[in-house]
Amino acid sequence: MGSVKDYFSSLGSGIASLLKGMQVTGKEFVTPKITERYPENRETHHVPDRFRAELKLIYDSEGNHKCIACGTCERNCPNGTISLETKMVDTPAGTKKKKLDKYFYDLGSCTFCQLCVTSCPTNALEFSNDFEQAVFTRDKLVKKLNYLPEKEEPAPTPEELAKAAAEREAKIAAAKAKAAAAKAAREAAGAGDVTTPKE
C-alpha cells in the first residue's frame, strides 16, 4: 500500500515540476527576442567603451608614445603576456638612457586583468574595444605594439654640450676636493696618534 502512495506522490511532484518548467518556457516563448545580426550590422554595432579587447600603446598626434621601457607592465603581468626589448642610447647630457626597442603582446594568453594599464607610471597603455581578433594561427595573436619606428634622440646643441661638460668638470673637481679633505683628515688623525716613548 505504501508503494502505491509513493508512486502517486512522485507522479504528482513530477507533473508539478513539468508544469513549472512549461510555465517558464511559455513565458520565454512570448517574450520579444533580441537577435544580434553580426556581422551584418558591423558598421552600426555598438561595443561598450569598458569592453577590454586588445592592449594598445597610446600614441599622440605626432607619433610619440609615453613608454619609458621601465618594465613595470612586464613584471606585473600574471602570465607573461608582455615582453619588452630595450636598448641603451646616449642622451644630450652625455649619460646613458634605456629606451624601448620592441614591445610584444600575446593576445592569446592575455587574461584582460588590466594590471599592466593600472600599474604603468606614465599612462602609456590602454585597452581598446576592437573585439574582432579572430585568426587562424596562434602566432598571429602576438602583436608588436610599437608599430611606428622609434624616433632617435635629438642631437645635443652646442650649449647643451658645454653645459654637460661644465657639470662633469664641476663634479670631478668636487670629488677631488672631497678626496683631498678626507686624505688630510686621515693624515691629521695619524699624526695625533703618534706617542713619545717612555723613559
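1. Focus: the overall build of the chain
Point 1. Summing up its helical and strand segments, the chain has 4 helices and 5 strands in all.
Point 2. In sequence order, the chain lays out its α and β elements as α-β-α-β-β-α-β-β-α.
Point 3. In terms of overall size, the chain is more extended than a compact globule, its C-alpha atoms giving a radius of gyration of 35 Å where 199 residues would be expected to give roughly 16 Å.
Point 4. Principal-axis analysis of the C-alpha atoms places the extent of the chain at approximately 130 × 65 × 30 Å.
Point 5. Considering the chain as a whole, with its 199 residues, one finds that 20% of them fall into the buried category.
Point 6. In the chain, the share of contacts with a sequence separation of at least 24, taken over all contacts with a separation of at least 6, comes to 70%.
Point 7. Here the chain displays about 15,400 Å² of accessible surface, and carbon together with sulfur accounts for 58% of that area.
Point 8. Averaged over its 30 positive side-chain charges, the chain has a centre that lies 4 Å from the centre of its 28 negative ones.

2. Let's talk about the environment of Leu-55
Point 1. The topology assignment puts Leu-55 in strand 1 (residues 54-57).
Point 2. On the basis of relative accessible area, Leu-55 is assigned to the buried category, the value being 0%.
Point 3. What Leu-55 contacts, discounting residues up to four positions off in sequence, is Ile-82, Tyr-103, Tyr-105, Cys-116, Val-117, Leu-125, Glu-126, Phe-127 and Leu-145.

3. Structural notes on a nonpolar patch on the surface
Point 1. On the surface, Val-4, Tyr-7, Phe-8, Leu-11, Ile-15 and Leu-19 cluster together into a nonpolar patch covering about 600 Å² of accessible area.
Point 2. If you trace the backbone, Phe-8 turns up in helix 1 (residues 2-30).
Point 3. Among the residues examined, Phe-8 registers a relative accessible area of 51% and is labelled exposed.

Parameters and conventions
- Residues numbered from 1 in each chain as written.
- Predicted model: local features only at pLDDT ≥ 70, side-chain atom pairs only at ≥ 80, totals over all residues.
- Heavy atoms only, no water.
- Helix = DSSP H or I, 4+ residues; strand = E, 2+ residues; numbered from the N terminus.
- Rg over C-alpha atoms; globule rule 2.2 N^0.38 Å.
- Buried < 20%, exposed > 50% of the residue type's maximum accessible area, 1.4 Å probe, protein only.
- Contact = heavy atoms within 4.5 Å.
- Areas by Shrake-Rupley, 256 points an atom, 1.4 Å probe, with all protein chains shown as cover.
- Lys, Arg positive; Asp, Glu negative; His and termini not counted.
- Charge placed at Lys NZ, Arg CZ, Asp CG, Glu CD.
- Patch = residues over 30% accessible without salt bridge, like charges linked within 9 Å, V, L, I, M, F, W, Y side chains within 5 Å.
- Salt bridge = Lys/Arg side-chain N within 4 Å of Asp/Glu carboxyl O.

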